[in-house]
Amino acid sequence: MNEKNLRNLKNRAHKSDLFAKFELYNSFVDEDRVRAEKLKKELIEHLNSHGIRLEDIQLYSFRKFETLRIESGFDKNLTVLIGLNGDGKTSILEAISKTLSWLTASIIKEQGQGSPVNYSDIKNNSILFSDIVSEFSSNSKYRYQARLSKAVKGSGKKRDSDVIKLRKIADIWRTFSKEDGICFPTFASYLVERSYPLSVEKRAGRKGKMQWYDAYSNCLEGSGKFESFIDWFISTSKIANSSSSESLDKTENIKPIIEKLSFLADNKSNFSVDEYEKLKEVLSKFESKADEPVSVDSNSASIELSVLKRAISSVIPSVTDIWLSNSEGKDDIMVNIDSKVVNLKQLSDGQRTLLALICDLARRLMLLNKNRENPLHGNGIVLIDEIELHLHPTWQQSIIPLLTKTFPNIQFVIATHSPQVLTTVDKKNIRQFAETNSDDEFWLAIPEFQSESSENNIVLEQLMNTPSVPETQNLRLLKDVTYLVESGLFGSSDEHNRKLELLKSHFGDSHPNIVRLKDSIKLISLKKRIAEKKQNKDK
């Protein structure tokens with residue numbers, strides 16, 4: 001490399017250009033080991049601290065969108081997408097997922113192939129091509145783009161994807177994959193397909209130890225592939241559970257051998273000098289074998305299970321434990337939830353779906369962050385569609401705060417239809433489909449209404465443009481009677497009392513609507529009597 005190019009690289013590296021710093025490392029690795037090691041350390045520290053963030057995405061002729069843009073892009077920690085059914089929230093998540101797949105494929109393998117834009121993704125009647133343009137960053141100063149493209153069938157012009165920068169950042173992780181201290185970014189997609197029955201039966205656990213790159217297997221398919229967690233959990237539990245029995249077995253099996261060898265050694269008159277020395281050597285080996293600690297794998301497995309349980313209880317406080325049982329001669333995963341012991345099959349859909357998501361994400365983080373003190377603090381990008389899926393409103397109101405607290409360095413992009421979820425999300429983290437001047441142009445805007453700490457019914461009306469009470473026949477009757485009461489007309493006709501009785505029959509005497517009406521009727525009646533007394537007194 002000539003002096004001018006080297007000087008240019010150094011300037012770019014000084015300005016936080018990660019790619020320039022990596023190129024400098026490659027130029028020094030054979031010529032100046034000291035400088036190369038320094039650059040390698042800086043690169044690893046930077047990647048471990050900052051990882052990668054999704055800054056923005058723009059879609060062109062992708063599925064229903066002619067164009068789609070997002071106001072202020074994505075928040076560095078949490079972005080929540082809201083809109084009507086069919087607006088395209090899931091399409092946005094899948095566009096992000098397609099882009100990230102090129103990153104995971106290239107981290108595992110040089111020039112890895114991710115998920116392309118398919119012909120079926122191109123908007124109907126498009127005459128040119130479809131584009132997914134994404135912008136990423138690995139620090140606050142330097143951003144880079146990737147573009148996935150597909151020309152329409154029969155187009156005279158070719159439209160190639162541009163994933164050079166994604167592959168460059170992936171090259172850094174892959175190059176240092178065997179270095180001490182390296183951690184990898186976590187990517188995962190959980191679409192509505194994640195809700196499906198689970199079974200531990202006929203799953204014996206994975207043979208062989210899982211490697212870091214196994215965390216990228218099926219990570220962006222959308223279903224979560226909870227079976228992979230089950231395999232990991234069974235294998236990890238068996239390794240951890242074998243530690244105490246292994247130590248006991250080792251002692252019990254070796255002890256008689258040591259005793260016999262000791263006896264023979266004590267009667268050394270029966271051996272020649274050479275035979276005696278060999279016997280002492282064998283005895284020494286068996287004694288050291290008995291004192292060997294339990295394998296590192298079993299200790300590591302116990303730590304991983306502890307981290308998993310911490311993640312689960314942090315997001316789902318009602319779950320206090322999860323373990324592998326073999327009481328009936330077959331493997332089964334048991335859960336202590338709400339002080340009751342159940343197996344996976346006995347969990348409700350909401351419990352199982354949320355537990356599966358937390359377990360899968362925690363497993364991937366542990367595989368990719370073995371060199372981090374707390375693997376749950378690993379960084380990455382996680383996509384979740386309809387986060388409220390099967391969850392009771394109580395869980396809906398707590399899920400996002402607990403997720404972001406448990407996994408503080410994950411960038412979450414979430415779609416929801418739930419006002420309960422939105423009551424815990426600041427408006428700056430929300431992107432809402434807004435009206436534009438064209439049916440083909442879409443704009444995701446930050447809403448003006450502040451949803452965080454607002455009441456559910458207000459969020460429903462102000463942010464989601466949905467009446468908090470549906471327009472039914474009984475609602476119309478309630479409005480009619482309320483008007484009569486508030487206007488002082490109630491009671492002037494028997495029909496009024498009949499309407500009130502109909503409402504009582506529907507709601508019940510103790511319902512707030514009826515209690516409120518009766519209180520208003522009493523108050524207005526009292527005011528009338530006071531007014532009449534005053535009038536009579538004046539006369």
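Refer to the preceding data block for the structure.
Residues numbered from 1 in each chain as written. Predicted model: local features only at pLDDT ≥ 70, side-chain atom pairs only at ≥ 80, totals over all residues. Heavy atoms only, no water.

1. Section: the overall build of the chain
Under the convention used in this document: In this description a helix means any DSSP run of H or I spanning at least four residues, a strand means any run of E spanning at least two, and both kinds are numbered starting from the N terminus. We call a residue buried when its accessible area falls under 20% of the maximum for its residue type, exposed when it is over 50%, and partly exposed in between, using a 1.4 Å probe and counting protein chains only. Residues are treated as being in contact if the distance between any of their heavy atoms lies within 4.5 Å.
Looking only at helices and strands, the chain features 15 helices and 13 strands. Per-residue burial for the chain yields a buried fraction of 47% across its 539 residues. Expressed as a percentage of contacts within the chain between residues at least 6 apart in sequence, the contacts between residues at least 24 apart total 68%.

2. A closer look at the pairing of strand β5 (residues 143–151)
Which entries qualify depends on this criterion: The pairing criterion for strands is at least two bridges between them, as found by DSSP.
Bridging between strand β4 (residues 129–137) and β5 involves nine bridges; their strand directions are antiparallel. Residue pairing across strands places S137 opposite R143, the latter belonging to β5. Between β4 and β5, which pair antiparallel and follow one another directly, the connecting turn spans five residues.

3. Focus: the packing of aromatic side chains
What counts is decided by this rule: A pair of aromatic rings is counted whenever rings of Phe, Tyr or Trp (Trp by its six-membered ring) have centres within 6.5 Å, and the orientation is called stacked for planes under 30 degrees apart, edge-to-face for over 60 and tilted otherwise. Distance and angle both matter: a charge sits over a ring if NZ of Lys or CZ of Arg is within 6 Å of the ring centre and within 35 degrees of the ring normal.
All told, the structure shown has 16 aromatic pairs when counted by the stated rule. Considering the side-chain rings of W212 and Y213, the 5.5 Å spacing of their centres and the 75 degrees angle between planes classify their relative orientation as edge-to-face. Given a relative accessible area of 16%, W212 falls into the buried group. By relative accessible area, Y213 is classed as partly exposed at 39%. Within the aromatic cluster, the residues linked to one another by ring pairs are F184, F187, W212, Y213 and Y216. Seen from the ring of Y119, K153 lies directly overhead, with NZ or CZ sitting 5.0 Å from the centre. Across from the ring centre of F129, 4.0 Å away, lies the NZ or CZ of R159, which sits over that ring.

4. Some words on the side chain of T99
Defined as follows: Within 3.5 Å is the distance limit for a polar contact, defined as a pair of N or O atoms, with the added protein rule that one can donate a hydrogen and the other accept it, and that residues adjacent in sequence qualify only through two side-chain atoms.
Relative to the elements of secondary structure, T99 occurs in helix α4 (residues 89–108). Within the structure, T99 has its side chain in polar contact with the backbone oxygen of A95 (distance 3.1 Å). Apart from residues no more than four positions distant in its own chain, T99 is found in contact with I132, S134, F136, A146, L148 and L166.

5. A word on unusual backbone geometry
Even without being glycine, Q111 reaches a positive phi, approximately 60 degrees. Position of Q111 relative to the elements: it lies in the loop between α4 and β4. Here S453, not a glycine, exhibits a phi torsion of approximately 70 degrees, which is positive. Note on S453: relative accessible area 60%, which makes it exposed.

6. Quick word on the sheet that holds strand β7 (residues 319–325)
Note the threshold: Axis definition: a line fit to C-alpha positions, over the contact stretch in the case of helices; interaxial angles, taken between N-to-C directions, run 0 to 180 degrees.
Strand order in this open sheet of three strands is β7-β8-β9, and the pairing throughout is antiparallel. Single-partner strands in this sheet number two, and they are β7 and β9 (340–343). When the angles between neighbouring strand axes are averaged without regard to direction, this sheet yields 25 degrees. Pairing of β7 with strand β8 (residues 332–337), which is carried by six bridges, proceeds in the antiparallel orientation.

7. Topic: the sheet that holds strand β12 (residues 430–434)
Note: strands within a sheet are paired through backbone hydrogen bonds, in either parallel or antiparallel orientation. Here we have 10 strands laid out as an open sheet, ordered β5-β4-β1-β2-β13-β12-β3-β11-β10-β6, and mixed in their pairing. Two strands close off the open sheet at either side, each with one partner strand: β5 and β6 (186–190). In this sheet, adjacent strand axes meet at a mean angle of 15 degrees when their direction is disregarded. Here four bridges tie strand β2 (residues 65–70) to strand β13 (residues 441–445), and the two strands are oriented parallel to one another. Looking at the pairing, R69 lines up with W443 of β13. Across the sheet, α4 is in contact with β1 (53–62), β2, β3 (78–82), β4, β5, β6, β10 (380–384), β11 (410–415), β12 and β13; its angle to β1 comes to roughly 120 degrees. Packing of helix α9 (residues 349–368) onto the sheet brings it into contact with β6, β10 and β11, and relative to β6 it is tilted by some 165 degrees.

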